[in-house]
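For reference, the chains in residue letters:
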Amino acid sequence: MVILISCLIVGGLATPILAAGQTGPLPPTQAQLSALISAAEGSGLYARSVVGYASSHGISTASAQALISHGDAMLASAMADARSGADADGALAVQAAMNAYTSAAASASVAIGNAGLAGSLDSYTVEQAIAEVNATASAVASVGASACGQAGVSLGGAAMVQACSQVEAQVAAARSSLSEAAAYAAQANGSADAAGLLSQAMEMVFAARGNLNSTQAGLLTIASYGYVQRAGAYVTAVIDPLAAQANSTIASEESVNSSYSQFQKGFSSYAQAQAASVSSMESSTSMLSAAISAVDTGAVGSNSTAAEGVSTQVNSDLSALLALPGISVLAGVVSDIGSCQAAAGAFNQAVRAANSQSDGYSLATFSAFSAYLTAMDQDTSNVRSTGTAYVTSYQTVIADLASLQAVPGVATLYSDLANLQVSGSVSGVESSLSQATVAMATVQTDISAYASAVTASAPAVSPQQTLLSAGTSAEADAQVYLNATGSAAMSQAAAAVQAVSQTAASLGVLASSSANSSIGAFAAAGAGVTSSGGALTAQTNSAVGFISAAAASLEADINFRIASTLAAQASIADALSLFSSLSVSRGVSDMAQASLDLRVAAAENVMA
């Protein structure tokens with residue numbers, strides 16, 4: 001036998017009122033729950049009427065209004081449960097609604113009485129009060145009729161018989177008081193003493209409520225017998241399936257958590273490998289940039305210009321010597337002068353070729369730099385060999401002229417030639433070319449190292465598609481279970497991973513392009529690689545943090561669900577114990593809490 005009880009608070013007294021009753025297992029039927037909802041709606045209308053009356057006469061109704069709002073919320077919940085078929089939960093919710101409405105009405109009624117305004121209640125309010133209490137009396141009588149039959153009496157024996165007799169007598173007394181209230185209300189219609197008659201009618205309504213209040217002990221006795229068995233049936237029919245659903249949800253979420261943990265470990269490993277690769281690229285970029293900057297082609301150009309100027313002056317002086325009559329007859333000297341002029345010309349040609357090759361340094365590409373360096377080495381060698389021949393022939397001419405200074409015009413030209421820094425100009429060109437080619441050899445080594453670093457870093461810089469796919473799948477599955485906060489953390493992690501992938505792809509393009517750069521363009525290309533590498537490292541570290549936060553949200557959600565199931569188990573055990581000790585209302589509350597906890601544990605997107 002199932003007894004569904006709600007509480008009517010009158011003048012501070014808690015009176016369990018039987019709102020509906022039946023024999024049979026929990027939960028109640030749809031029809032019974034519908035009847036309970038209708039009764040609660042009536043209570044709500046009555047409560048609003050009394051509270052509105054009190055408010056219109058300047059009486060504070062804040063607490064009563066709060067009770068009505070709570071009742072409305074519980075009634076809405078009961079209606080939702082009725083629509084979804086959760087009849088047992090609906091019954092508990094409608095009980096709470098009736099408690100709130102009747103408490104609100106009682107609170108307002110007491111305040112009206114304390115203000116001395118009970119006599120001014122209009123007839124409609126009195127009629128509503130009579131109807132509401134009469135409905136409660138009918139509900140109690142209905143329970144007595146259904147619960148106190150032969151089957152009910154056989155459960156409780158003498159105690160049940162006594163309880164049924166008490167309830168029957170108290171309901172009869174309540175109905176008698178209600179009849180008197182109705183008579184007073186009828187007499188008030190058109191009477192000069194309407195206020196007094198309506199006040200007497202309300203006194204009888206309160207008396208009827210007092211009679212119904214006295215049914216508490218009997219109703220508790222009726223409700224208690226067999227309640228443990230009915231609670232067991234409720235556990236089997238409702239709680240156990242909810243527990244199975246909650247456990248299934250937890251198991252599924254733990255599987256998702258395992259997948260996400262694997263993704264988290266994979267991304268962490270990727271982050272470490274990526275950091276090492278980016279660091280290697282940045283280091284080789286810095287070394288190559290420094291090596292490129294260390295090549296001084298400007299010194300080659302200035303020394304070449306100076307050397308050509310000296311050789312031009314040498315040729316001019318030698319031509320002047322050949323024009324002297326005293327020299328032109330000296331065949332050996334003329335031959336030495338011709339050889340020196342030829343050597344100077346060959347040197348100048350070699351210097352110009354080397355200088356031109358040096359000027360093309362910034363335009364040399366990485367892919368062709370080895371050939372460029374070979375050409376530079378060859379030009380340097382040519383300058384060295386022609387410079388040696390030039391200096392030797394020059395020194396021969398100087399030696400020839402040293403003994404011919406008595407020949408008119410020779411002394412002055414000899415002095416000019418002897419003062420020219422031929423050896424110094426040649427060694428200056430050779431030295432600057434030698435330093436440049438040595439520095440270029442370092443550039444060639446660093447170009448090879450840079451190309452190797454770019455090639456080696458490519459697999460580690462960009463996250464593997466399998467890792468990205470695993471992360472996307474785990475994130476989508478995890479969001480099924482998480483609340484708004486957890487879902488936001490998961491979305492933030494997903495966005496961060498995508499940003500890492502895009503920046504990694506951009507870095508790969510920049511690195512590949514820079515490896516095919518020219519010497520002059522590498523400064524900008526290398527700076528782009530370094531900047532993009534720094535951005536990638538920062539984004540990756542940020543993504544690691546977001547993934548950790550998302551993983552923590554998922555773990556917290558699982559723990560919350562597990563805690564909810566454990567709390568439900570404890571509530572069920574407590575409820576069964578309370579039913580055994582006849583603490584029915586507390587047992588019902590615990591059973592309802594267990595149901596709520598399990599529904600939360602089984603639901604998607606709960607608030608953890």
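None of the values given here were measured: they were computed from a predicted structure. (Residues numbered from 1 in each chain as written. Predicted model: local features only at pLDDT ≥ 70, side-chain atom pairs only at ≥ 80, totals over all residues. Heavy atoms only, no water.)

**Quick notes on the overall build of the protein chain**
1) Next: Check the secondary structure of the protein chain and you find 18 helices and 2 strands.
2) Next: Taking all 608 residues of the protein chain together, the buried fraction comes to 44%.
3) Next: A separation of at least 24 residues holds for 81% of the contacts in the protein chain among residues at least 6 apart in sequence.
4) Next: Of the roughly 25600 Å² of accessible surface on the protein chain, 57% is carried by carbon and sulfur atoms. (Helix = DSSP H or I, 4+ residues; strand = E, 2+ residues; numbered from the N terminus. Buried < 20%, exposed > 50% of the residue type's maximum accessible area, 1.4 Å probe, protein only. Contact = heavy atoms within 4.5 Å. Areas by Shrake-Rupley, 256 points an atom, 1.4 Å probe, with all protein chains shown as cover.)

**Comments concerning the pattern of salt bridges**
Side-chain pairing between opposite charges can occur once the charged atoms of the two side chains come close.
1) Next: Scanning the entire structure with this criterion turns up 4 salt bridges.
2) Next: Among the ionic pairs, arginine 561 bridges to glutamate 253, the shortest N-O distance being 2.8 Å. With arginine 561 in helix α17 (residues 522-580) and glutamate 253 in helix α8 (residues 227-294), this residue pair connects regions lying 308 residues apart in the sequence. A single burial state applies to arginine 561 and to glutamate 253, both of which are buried.
3) Next: Close ionic contact of arginine 561 with aspartate 557 constitutes a salt bridge, the shortest N to O distance being 2.7 Å. Remark: aspartate 557 and arginine 561 occur in helix α17; sequence separation between them is 4 residues, near one turn of the helix. Of the two residues, arginine 561 and aspartate 557, neither departs from the other in class, the shared state being buried. (Salt bridge = Lys/Arg side-chain N within 4 Å of Asp/Glu carboxyl O.)

**Comments concerning helix α9 (residues 297-322)**
1) Next: Relative to the 38 Å expected for 26 residues at 1.5 Å per residue, α9 spans 37 Å between its end C-alpha atoms, a close match to the ideal helical length.
2) Next: Where α9 is buried, its residues contact α10 (325-328), α11 (331-359), α12 (369-402), α13 (410-419) and α14 (422-461).
3) Next: Capping the start of α9, aspartate 296 holds a side-chain oxygen 3.2 Å from the backbone nitrogen of glycine 298, two or three residues further along. (Expected span 1.5 Å × (residues − 1). Polar contact = N/O pair within 3.5 Å; in protein donor to acceptor, adjacent residues only side chain to side chain.)

**A short note on the nonpolar core**
As a rule of thumb, soluble globular proteins bury nonpolar side chains together.
1) Next: Of all hydrophobic cores here, the largest spans 84 residues; its most connected members are Tyr260 and Val443.
2) Next: If we skip the residues at most four places from it in the chain, valine 443 touches Leu288, Ala291, Ile292, Val295, Tyr361, Phe369 and Ile519.
3) Next: Met98, Tyr101, Val133 and Leu212 belong to the second largest nonpolar core, which has 47 residues in total. (Core = buried A, V, L, I, M, F, W, Y, C linked by side-chain atoms within 4.5 Å.)

**Points about empty space enclosed by the protein**
1) Next: For the structure shown, the criterion picks out 1 cavity of 30 Å³ or more.
2) Next: The volume enclosed by the largest cavity comes to roughly 30 Å³.
3) Next: Looking at the largest cavity, the residues that line it are Phe263, Leu468, Gly471, Thr472, Glu475, Ala494, Val497 and Gln498.
4) Next: Those elements that place two or more of their residues in the lining of the largest cavity are α15 (465-478) and α16 (484-514).
5) Next: Ranked by the residues each element gives to the lining of the largest cavity, the list is headed by α15, at 4 residues. (1 Å grid on protein atoms, 1.4 Å probe; cavity = no way out; pocket = protein on both sides within 12 Å on 5 of 7 lines; lining within 4 Å. Points joined across faces, edges and corners; volume = space filled by probe spheres on them.)

**A closer look at the packing of aromatic side chains**
Each pair of aromatic rings is reported with the distance of its centres and the angle of its planes.
1) Next: Applying the stated criterion to the full structure yields 9 aromatic pairs.
2) Next: Ring centres of phenylalanine 263 and phenylalanine 267 lie 6.1 Å apart, and the angle between their planes is 50°; on these two criteria the pair is classed as tilted. On the criterion of helical spacing, the pair formed by phenylalanine 263 and phenylalanine 267 is a turn pair, its members being 4 residues apart in helix α8. No difference in accessibility class separates phenylalanine 263 from phenylalanine 267, as the two residues are buried.
3) Next: Ring centres of phenylalanine 366 and phenylalanine 522 lie 5.4 Å apart, and the angle between their planes is 50°; this geometry places the pair in the tilted category. A residue pair is termed long-range when its members are at least 10 positions apart, and phenylalanine 366 in the loop between α11 and α12 and phenylalanine 522 in helix α17 qualify at 156 residues. In this pair, the class of phenylalanine 366 matches that of phenylalanine 522, namely buried.
4) Next: Aromatic ring contacts, followed pair by pair, group Tyr260, Phe263, Phe267 and Tyr270 into a single cluster. (Phe/Tyr/Trp six-rings, centres within 6.5 Å; stacked < 30°, edge-to-face > 60°.)

**Digging into the environment of alanine 141**
1) Next: In this fold, alanine 141 is placed in helix α4 (residues 123-147).
2) Next: Between the alpha carbons of alanine 141 and valine 167 there is a distance of 7.8 Å; along the sequence they are 26 residues apart.
3) Next: In this view, alanine 141 contacts Val171 and Arg175; residues no more than four positions away in its chain are not counted.

**A few points about the side chain of threonine 540**
1) Next: Here threonine 540 shows up in helix α17.
2) Next: Residue threonine 540 is classed as buried on the basis of its relative accessible area, which comes to 1%.
3) Next: Setting aside chain neighbours within four positions, we find threonine 540 in contact with Phe267, Tyr270, Ala271, Gln274 and Val500.

**Notes on the packing of α14 against α16**
1) Next: Contact geometry of α14 with α16 gives a least axis separation of 10 Å together with a crossing angle of 160°. One finds that α14 runs roughly antiparallel with respect to α16. Note that α14 runs across α16; the crossing there is left-handed. Note on element contacts: α16 touches α14 through Ala504, Leu507, Ala511, Ser512 and Ser514, opposite Tyr450, Val454 and Val461.
2) Next: Here the contact of α14 with α16 is built from residues that sort into 6 nonpolar, 2 polar and no charged. (Axes fitted to C-alpha atoms, helices over the stretch in contact; angles between N-to-C directions. Parallel < 35°, antiparallel > 145°, perpendicular 65-115°, else oblique. Left-handed = near helix turned anticlockwise from the far one by under 90°. Nonpolar A, V, L, I, M, F, W, Y, C, P; charged D, E, K, R; others polar.)

**Some details on the confidence of the model for the protein chain**
1) Next: Here the protein chain shows a mean pLDDT of 83. Residues at 70 or above account for 88%.
2) Next: Confidence, expressed as mean pLDDT per element, reaches its minimum in the protein chain at strand β1 (residues 2-10) with 25 and its maximum at α12 with 94.
3) Next: Of the regions scoring below 50 in pLDDT, residues 1-27 engages in 95 contacts with residues more than four places distant in sequence or in other chains. (pLDDT = per-residue confidence, 0-100.)

**Quick word on the packing of α9 against α14**
1) Next: Look at α9 against α14: their axes get within 8 Å of each other, and the N-to-C directions meet at 155°. By the angle between their axes, α9 is roughly antiparallel relative to α14. The two elements α9 and α14 cross, and the hand of that crossing is left-handed. Together, Thr297, Ala299, Val300, Asn303, Ser304, Ala307, Val310 and Val314 of α9 and Val422, Ser425, Gly428, Val429, Ser432, Leu433, Ala436 and Met440 of α14 make up the contact between the two elements.
2) Next: Residues of the contact of α9 with α14, tallied by class, amount to 10 nonpolar, 6 polar and no charged.

**Section: helix α6 (residues 194-213)**
1) Next: Look at α6: 28 Å from first C-alpha to last across 20 residues, which is about the 28 Å you get at 1.5 Å a residue.
2) Next: Listing the buried residues of α6 in full gives Leu197, Leu198, Ser199, Ala201, Met202, Met204, Val205, Ala208, Arg209, Leu212 and Asn213.

**As for the side chain of threonine 249**
1) Next: For threonine 249, the position within the fold is in helix α8.
2) Next: Every residue in contact with threonine 249, bar those within four places of it in the chain, is listed here: Tyr481, Arg561, Ala601, Ala602 and Ala603.

**Some details on the environment of aspartate 81**
1) Next: Looking at the element boundaries, aspartate 81 is found in helix α2 (residues 62-84).
2) Next: A residue is classified by how much of its surface remains accessible, and aspartate 81, at 16% relative accessible area, is buried.
3) Next: In this structure, the C-alpha to C-alpha distance between aspartate 81 and alanine 91, residues 10 residues apart in sequence, is 8.7 Å.

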